[in-house]
There are 2 protein chains.
Amino acid sequence: MTHFVRCNILTALFRIQGRSLQVLLRAAVGRSWQLPFANLEEGRSLEACALSALPDPGECALYLEQLYTYGDPDRSSQGQLISIVYFALLAADALLGEPPDRARFAWFAIEDLPPLIDDHADIVSYALRRLRYKLEYTAVGFELLPEMFTLSELQRTYEIVLGEQLDKRNFRRRILEAGIIEPTGQMRSGTGRPARLYRYRPDAIAEVKTRRLFP
Amino acid sequence: MTHFVRCNILTALFRIQGRSLQVLLRAAVGRSWQLPFANLEEGRSLEACALSALPDPGECALYLEQLYTYGDPDRSSQGQLISIVYFALLAADALLGEPPDRARFAWFAIEDLPPLIDDHADIVSYALRRLRYKLEYTAVGFELLPEMFTLSELQRTYEIVLGEQLDKRNFRRRILEAGIIEPTGQMRSGTGRPARLYRYRPDAIAEVKTRRLFP
DNA sequence: CCAAAAGTGTTCTATGTACACCCATGC
DNA sequence: GCATGGGTGTACATAGAACACTTTTGG
């Protein structure tokens, strides 16, 4: 009764590097690229398969959530294919290890993507919309930072992802009032006055009440 | 390289009836019930398959969106199965026609569900969370009403879904200011003073800006 | 002593919330 | 004329947005 279909998993992994937001891609045929993919393995969860699409992240925990399932009959050039797409975030200081299948992987700034196969450009753009949206009303931004970070780094992360300048005083007040980060007691020196280092409090309530359409 | 997996589509359809929110279920073996399901048919979109899980809705357009894809190895009693789940809303005055496979379908109030197979109870409860959440910040509530409706009916719909009393004056002010409905000019008489009938303006911007975590 | 980044409060505006009475109709 | 649901405005509290200067360090 239930029947069998062609199906794979795609994972869109993002990170911040310098002043840009990057996505990890895998070389495809010719000059085109694609989202990292994996097969569904018998007895493994979807999340586990989504991780196996990526080079080994080693110790670095990465944030992972399901994005969408694509299945239009004409979305793949090789016949009908269901793709369950995951969305992932990597800390800025994390390094990836061995890639699966010894394939070639590379990071691309999201404003400068190479040609992508099939509907992968649409998928990246949807993943990006989801990232921006989630960043606005949850605390997911910390997943893009090292374990310890300064308030300026955090603000820069938000500005890069949202593509928008934020007010320093308001930003600091809001995030400190929200109680989702705490000072570590350590400082970081660089050029200029040293900055306090903070860490994310994973026990904190990350969601913000939405402004409702109706009272 | 890409391989084949067992996969189906489930559709969780909701409607308002009287003072309760109902979900449509399909009889399963024994005394248990399940979400309406369909196979993925070659050459059809996921949405089309999701609709084919339901009795024929005839003229009534129904709201449909993808909910989530479930695929844990132990979620089905009959071996690993991917289920792409859709979430649907039906207008209160709509009638459903012939069910697929001549199967038995019935509406159940969401606070009084029968035993469900596998993880279908979890899926219903997630769909319900999504419905409440969406109702708060988008105009999806109109999908549960006939084409023309009074402001009191609209408010009652919101109250039933959200499980919460709303203030009449604030509700009316907000929804009229939002400009997402318009008076039809017609009135409905019943017991008490006749009420203006409104219709949804599909061109209206349905989303509300969320209250952001950061400024 | 100067460059560079960190840190810090207040005022004004907009939005949300709480709340009670008159109106039009059918019976 | 009364029961029933429809319709309306205001005052107060809270949240958001705009804004500029002082502090601490390294070179």
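Residues numbered from 1 in each chain as written. Chains lettered and ligands numbered in written order. Predicted model: local features only at pLDDT ≥ 70, side-chain atom pairs only at ≥ 80, totals over all residues. Heavy atoms only, no water.

In this section: the overall build of chain A. When helices and strands are counted, chain A shows four helices and 10 strands. Taken from N to C terminus, the helices and strands of chain A fall in the order β-β-β-β-α-β-β-β-α-β-α-α-β-β. Principal axes of the C-alpha set define a box for chain A whose edges measure 60 × 45 × 35 Å. Summarising the internal contacts of chain A: among those between residues at least 6 apart in sequence, 65% fall at separations of at least 24. (Helix = DSSP H or I, 4+ residues; strand = E, 2+ residues; numbered from the N terminus. Contact = heavy atoms within 4.5 Å.)

Attention now goes to the relation of the copies chain B and chain A. With an RMSD of 0.1 Å, chain B superimposes on chain A once it is rotated by 180° and translated 0.1 Å along the axis. The superposition operator between the copies reduces to a two-fold rotation axis. Of the residues that chain B buries at the interface, 100% are likewise interface residues in chain A, meaning the two copies contact each other through the same surface. (Least-squares fit on C-alpha atoms with pLDDT ≥ 70 in both.)

This paragraph deals with the pairing of strand 1 (residues 3–17) of chain A. All names here are of chain A. Of all 15 residues that make up strand 1, 12 are buried, and the element is covered over most of its length. In the sheet, strand 1 pairs with strand 6 (residues 82–89) via eight bridges, with the strands oriented parallel. Looking at strand 6, one finds that Leu-13 is bridged to Ala-88. Here three bridges tie strand 1 to strand 4 (residues 37–39), and the two strands are oriented antiparallel to one another. (Buried < 20%, exposed > 50% of the residue type's maximum accessible area, 1.4 Å probe, protein only. Pairing = 2+ DSSP bridges.)

For the rest of this paragraph, the subject is the protein's contact with DNA strand C. Taken together, the neighbourhood of DNA strand C is formed by 22 residues, with A:Ser152, A:Lys168, A:Arg169, A:Arg196 and B:Asn170 sitting nearest. Taking all atoms of DNA strand C within 4 Å of the protein, the share assigned to sugar and phosphate is 45%. Measuring from a base nitrogen of DNA strand C, one finds a side-chain N or O atom of A:Lys168 at 2.8 Å. A distance of 2.9 Å separates a phosphate oxygen of DNA strand C from a polar atom in the backbone of A:Arg196. Put simply, the parts of the chain that give the surface near DNA strand C at least two residues each are helix 4 (168–178) and strand 10 (195–200) of chain A together with helix 4 (168–178) and strand 10 (192–200) of chain B. Residue composition of the surface near DNA strand C, by class: three nonpolar, six polar and 13 charged. (Near = heavy atom within 4 Å. Polar contact = N/O pair within 3.5 Å; in protein donor to acceptor, adjacent residues only side chain to side chain. Nonpolar A, V, L, I, M, F, W, Y, C, P; charged D, E, K, R; others polar.)

Contacts between the two partners involve 54 residues from chain B and, on the opposite side, 54 residues from chain A. Contact between chain B and chain A buries roughly 5100 Å² in total, counting both sides, with carbon and sulfur atoms accounting for 57%. Summed over the three residues of chain B that lose the most area to chain A, namely B:Arg211, B:Leu213 and B:Phe214, the buried surface amounts to 16% of that side. There are zero salt bridges connecting chain B and chain A. In this structure, the connection of chain B to chain A is made through eight residue pairs in polar contact (both at pLDDT 80 or more). Taken together, the residues of the side of chain B that touches chain A break down into 28 nonpolar, 13 polar and 13 charged. Where strand 1 of chain A lies against strand 1 (residues 3–17) of chain B, five bridges are found, and the strand directions are antiparallel. Paired with A:Arg6 across the two strands is B:Phe4, which belongs to strand 1 of chain B. (Buried area = accessible area lost by both parts, 1.4 Å probe. Salt bridge = Lys/Arg side-chain N within 4 Å of Asp/Glu carboxyl O.)

By themselves these figures say nothing about function.
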